[in-house]
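Remarks on the overall topology
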Amino acid sequence: MSINIPQNTFQREYEAHRQAYEEKALAVLRSGWYVLGAEVEAFEREFANYLSVRHCVGLANGLDALIIAFRILGIGKGDEVIVQSNAYIACVMGITINGATPVFVEPDAFHCIAVAKIEEKITANTKAVLAVHLYGQATDMLPLKALCEKHNLKLVEDCAQSHGAMVEDQYTGTIGDIGCFSFYPSKNLGAFGDGGALVTNNEAYAQAACVIRNYGSEKRYHHCTVGLNSRLDEFQAGLLRVRLMYLREIESERRRVAKCYESGIKHPEIIKPTLRVLAPESHVWHQYVVECGRRDELAVYLSAQNIGTIIHYPIPPHLSEAYADLGYQKGDFPIAEHYANTVLSLPLYYGMTDQEQQYVIDAINRFA
Ligand SMILES: *Cc1c(COP(=O)(O)O)cnc(C)c1O
């Protein structure tokens, strides 16, 4: 028996819904219109409906969504944005590309920002908090929102990993001022290339995003600001519309796999993810992340048995070469550094069979 289990694959979901994707792809090719057209408009409407939010603006990728969000909020040089120390590097780049300074706060046991540790980091220059719903688990948004209101801070949500995750009866991305999404292929709602979006209930923000994504033009060849080229193309938007129809199914598949790991993994050295139930769907399992003191050994051991794993992420932003100029050192954010040294994302994908999962579970439980 030759079994080979990737950490992720898009193949099975594609095969399951192949006809719908292929029909849409052909329809877009034949339409003769490829950037910012009817498919983008329809996707924006449908994704906004899915999230029960007023506006959705399709963009080129998730990083642009963050960059544009902070720009719309007027955050730039001299301003500080609070973000968790175990964030993905793109979260921090969204802040610094605008000239603002990231101020790191350690994560809680759920890998999201520890809301109780934010207040001590607020200064006269603090303008916003970026909440990253890491691995698909929602941040403790209601106390965070109250804190932001108390200190008159903007609240931006990075939902690149949390499509569909909820806090009580609200979707992540719709609780703060602006929600930023990525549709990179590996995300829960993935495109067949790059894509992103920003969502908001604020009409002025949505209009500003539409202007910035298209060279700062409100009408053709009339430019009111120096914008970007961050347009979502028709091809991705059309295919995202198809995938959005299957998102509930994709979510329940991920939940099924996560549940199976939860009940099957029994190893004294392996810590399974801790759940914070803020709603029945407060975790959408973008990743199933375990912690292990001998993480690197575990990864090598699993790899030898043809089981793929990934580390999300091995270097926290404050220790990244890209941010050497911020002047941080090892030991400055011990919790983020601990996670960087111990986390491991197990295989989790649509269509993972019971046999494949049992193989992973058995291998893990036999880890000596
Ligand atoms: C993927 C991701 C991004 C960036 O999205 P891109 O579409 O790749 O630019 C930002 N933040 C988080 C948390 C992500 O996982």
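In this report, we go over the structure that sits alongside the text.

**Overview of the overall build of the protein chain**
Regarding its fold elements, the protein chain presents twelve helices and 14 strands. A compact globule built from 368 residues would reach a C-alpha radius of gyration of about 21 Å, and the protein chain, at 21 Å, matches this within 12%. Here the C-alpha coordinates of the protein chain stretch approximately 65 × 55 × 40 Å along the principal axes. Across the 368 residues that make up the protein chain, the buried fraction comes to 57%. For the protein chain, long-range pairs separated by at least 24 residues make up 71% of all intrachain contacts whose partners lie at least 6 apart in sequence. Treating the 33 positive side-chain charges of the protein chain as one cloud and the 43 negative ones as another, the clouds have centres 2 Å apart.

**A word on the packing of aromatic side chains**
Scanning all chains against the criterion turns up 17 aromatic pairs. Between Phe 104 and Phe 333 the ring centres are 5.6 Å apart and the planes differ by 70 degrees, which places this aromatic pair in the edge-to-face class. One end of the pair, Phe 104, is in strand β3 (residues 101-105); the other, Phe 333, is in the loop between α10 (295-304) and α11 (334-342), with 229 residues separating them in the sequence. Per residue, the accessibility class of Phe 104 equals that of Phe 333, and both read buried. Three or more aromatic residues link up through ring pairs in this structure, and these residues are Phe 43, Phe 47, Tyr 50, Tyr 171, Phe 181 and Phe 183.

**Section: the environment of Leu 144**
Note on placement: Leu 144 falls in helix α6 (residues 141-150). Leu 144 sits 26 residues away from Ile 118 along the chain, and the two C-alpha atoms are 8.8 Å apart.

**A short note on the pairing of strand β1 (residues 55-59)**
Of all five residues in β1, five are buried, a share of seventy percent or more. Burial of the side chains of β1 extends over both faces: His 55, Val 57 and Leu 59 are buried on one face and Cys 56 and Gly 58 on the other. The sheet contact formed by β1 and strand β9 (residues 196-200) spans five bridges and is antiparallel. Each bridged residue has a counterpart across the sheet, and for Leu 59 the counterpart in β9 is Gly 196.

**Observations concerning the site of the ligand**
What surrounds the ligand is the set Asn 61, Gly 62, Leu 63, Tyr 88, Ala 90, Cys 91, Val 132, Asp 158, Ala 160, Gln 161, Ser 182 and Lys 187. The side chain of Asp 158 places a nitrogen or oxygen atom 2.7 Å from a nitrogen atom of the ligand. Contacts to the ligand include Gln 161, whose side-chain N or O atom sits 2.8 Å from an oxygen atom. Within the complex, 90% of the 380 Å² of free accessible area of the ligand lies under protein. Grouping the amino acids of the shell around the ligand by side-chain chemistry returns six nonpolar, four polar and two charged.

**Let's talk about the packing of helix α3 (residues 38-51) against helix α8 (residues 234-245)**
The interhelical angle for the contact between α3 and α8, taken along N-to-C directions, is 35 degrees, at an axis separation of 8 Å. The way α3 lies across α8 gives a crossing that is left-handed. The segment α3 lies against α8, with Ala 38, Glu 39, Val 40, Ala 42, Phe 43, Glu 46, Phe 47 and Tyr 50 engaging Glu 234, Ala 237, Gly 238, Leu 240, Arg 241 and Leu 244. Broken down by class, the residue content of the contact of α3 with α8 amounts to nine nonpolar, one polar and four charged.

**Overview of the sheet that holds β1**
Ordered by their spatial adjacency, seven strands build an open sheet running β1-β9-β8-β5-β4-β2-β3, and the pairing between neighbours is mixed. With partners counted over all chains shown, the strands left at the sheet margins are β1 and β3, one partner each. Adjacent strand axes in the sheet meet at a mean angle of 25 degrees, parallel and antiparallel pairs treated alike.

**A short note on the nonpolar core**
Judged by nonpolar contacts, the single largest core of 38 residues is most densely connected at Phe 70, Ile 72, Val 81, Val 83, Leu 130 and Ile 178. Contributing elements (two or more residues each) for this core: β1, α4 (62-72), β2 (80-84), α5 (89-96), β4 (126-132), β8 (178-182), α7 (203-212) and α11. Among the elements that make up this core, the one with the highest residue count is α4 (six residues). Not counting chain neighbours up to four residues away, the residues in contact with Leu 130 comprise Leu 66, Phe 70, Val 81, Ile 82, Val 83, Cys 91, Ile 95, Val 156, Glu 157 and Asp 158.

**What about helix α12 (residues 354-365)?**
End to end, α12 covers 16 Å across twelve residues, agreeing with the expected 16 Å (1.5 Å per residue, within 8%). By the burial criterion, the buried members of α12 are Glu 356, Gln 357, Val 360, Ile 361, Ala 363 and Ile 364. Down the axis of α12, the smallest arc covering the buried residues is 165 degrees, so these residues share one side. Counted as exposed and oriented over 90 degrees from the buried face of α12: Asp 354 and Gln 355. Along its buried surface, α12 packs onto α1 (11-16), α9 (247-264), β12 (270-271) and α10.

Definitions and limits used
Residues numbered from 1 in each chain as written. Predicted model: local features only at pLDDT ≥ 70, side-chain atom pairs only at ≥ 80, totals over all residues. Heavy atoms only, no water. Helix = DSSP H or I, 4+ residues; strand = E, 2+ residues; numbered from the N terminus. Rg over C-alpha atoms; globule rule 2.2 N^0.38 Å. Buried < 20%, exposed > 50% of the residue type's maximum accessible area, 1.4 Å probe, protein only. Contact = heavy atoms within 4.5 Å. Lys, Arg positive; Asp, Glu negative; His and termini not counted. Charge placed at Lys NZ, Arg CZ, Asp CG, Glu CD. Phe/Tyr/Trp six-rings, centres within 6.5 Å; stacked < 30°, edge-to-face > 60°. Pairing = 2+ DSSP bridges. Near = heavy atom within 4 Å. Polar contact = N/O pair within 3.5 Å; in protein donor to acceptor, adjacent residues only side chain to side chain. Areas by Shrake-Rupley, 256 points an atom, 1.4 Å probe, with all protein chains shown as cover. Nonpolar A, V, L, I, M, F, W, Y, C, P; charged D, E, K, R; others polar. Axes fitted to C-alpha atoms, helices over the stretch in contact; angles between N-to-C directions. Left-handed = near helix turned anticlockwise from the far one by under 90°. Core = buried A, V, L, I, M, F, W, Y, C linked by side-chain atoms within 4.5 Å. Expected span 1.5 Å × (residues − 1). Arc of directions from axis to C-beta.

Functional significance is not addressed by these values, which are geometric in nature.
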